[in-house]
Amino acid sequence: VEGGDDTNVARQALDLLKVTIDSKTRADCDAADARSQSKKHEQSLKQCESRLRNAEAETLKLRTHLSRVDADKKAWEGERSLYIKETESLRRLAATYDNDSDATLKKRISDLESQLEAAAKALRDSKPPQSEPANEAPQAPSNDTEEFRIVHLVDNPAAAAAAKRAAQKKEEVQGGVDPATLHARLKERFREHLNWFRDAVYLLTGFKVDMQGLGEGHPQVRLRSMFAEREDDSLLFAWSDDGVNLLATPFADQLDERLFANLKFCNSVPAFLASVQLNLFERQTLFPG
């Protein structure tokens, strides 16, 4: 009987040991699974943090771009107002040519008539006097200059040419100005003013300004610096209702990133252009060392 009890006790102990081993095995497996899940969660958390940093960087970039767009809009609104003022000035100049057929032409007619009368009087005064009687002896010329008298030829070429020119001008004015001639004069005057304006901008700012796509929805402005190393080096801006935007060009892509600080953080296109000009000027005039 005692041997049977020992056997039962041994079996119970063995069963208890098996249960303990099974529990330990399950606990180890659960711990391994937990560690694996923890690693997966850590990796997912790192990926989320990386995505969050990228999203923040992209948000900052978009805010910077938005600020630059707002600054460009303000700058180009000023440029647009200046362009509108220049256009109105040229229109007023054109209107003066259109109104030139009234009081101004009448004054020209009066001046030409006065010139004609003066030329006719000069011709009458230039006629030689009648021949003196034969019984009067000719007087010897004196050294006193007051006794000399300037006598013009009857057919004075200069007076005749002046009278002819005055007559042609009078006929042209009285007959009216040809609209085609007036239009040609207006175009020539407009071209002179435009060339003068471009030269003034080039000499004062150092940039040659070329407008592209005028009359279209979004014209462009190309700037070429007098200090550029190559003829093709240029900055290109797109002109829209909201302002201007700097477009990508090979020259803009190779500029130092620090030159864009005034454009990104200060929102100033003039300051950006001034930085570019100063940088190009220093390249040509200063030498390292």
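*Asks:* If you had to explain the sheet that holds strand E4 (residues 243–247) to someone new, which residues and values would you point to?
*Replies:* Reading across from one edge, E1-E2-E3-E4 is the order of the four strands in this open sheet, with antiparallel pairing throughout. Strands at the two margins of the open sheet, each flanked by one partner only, are strand E1 (207–212) and E4. When strand polarity is set aside, the average angle formed by the axes of neighbouring strands in this sheet is 25°. Inspection of the sheet shows strand E2 (residues 220–225) paired to strand E3 (residues 235–240) by four bridges, in the antiparallel sense.

*Asks:* Kindly report on the confidence of the model for the protein chain, identifying the contributing residues and their values.
*Replies:* Per-residue confidence for the protein chain averages 76 on the pLDDT scale, and 69% of its residues sit at or above 70. Ranking the helices and strands of the protein chain by mean pLDDT puts helix H5 (residues 250–253) first, with 93, and helix H3 (residues 157–174) last, with 62. Taken as a whole, residues 128–138 scores under 50 in pLDDT and shows two contacts with residues more than four places along the chain or in a different chain. Here residues 140–152 is a poorly scored stretch, pLDDT under 50, and it has four contacts once near neighbours within four places are set aside; other chains count.

*Asks:* Residue-level account of the pairing of E3, with values.
*Replies:* Burial runs high along E3: five of the six residues are buried. As paired strands, E3 and E4 are joined by five bridges and run antiparallel to one another. Directly across from Ser240, in E4, lies its bridge partner Gly243. The antiparallel hairpin formed by E3 and E4 contains two residues in its connecting segment.

*Asks:* So, a nonpolar patch on the surface: which residues are in play, and what are the values?
*Replies:* Taken together, Leu14, Leu17 and Ile21 make up a surface patch of nonpolar side chains, about 270 Å² in accessible area. By the element assignment, Ile21 lies in helix H1 (residues 2–98). Ile21 sits in the partly exposed class, given a relative accessible area of 45%.

Calculation rules
Residues numbered from 1 in each chain as written. Predicted model: local features only at pLDDT ≥ 70, side-chain atom pairs only at ≥ 80, totals over all residues. Heavy atoms only, no water. Pairing = 2+ DSSP bridges. Helix = DSSP H or I, 4+ residues; strand = E, 2+ residues; numbered from the N terminus. Axes fitted to C-alpha atoms, helices over the stretch in contact; angles between N-to-C directions. pLDDT = per-residue confidence, 0-100. Contact = heavy atoms within 4.5 Å. Buried < 20%, exposed > 50% of the residue type's maximum accessible area, 1.4 Å probe, protein only. Patch = residues over 30% accessible without salt bridge, like charges linked within 9 Å, V, L, I, M, F, W, Y side chains within 5 Å. Areas by Shrake-Rupley, 256 points an atom, 1.4 Å probe, with all protein chains shown as cover. Salt bridge = Lys/Arg side-chain N within 4 Å of Asp/Glu carboxyl O.

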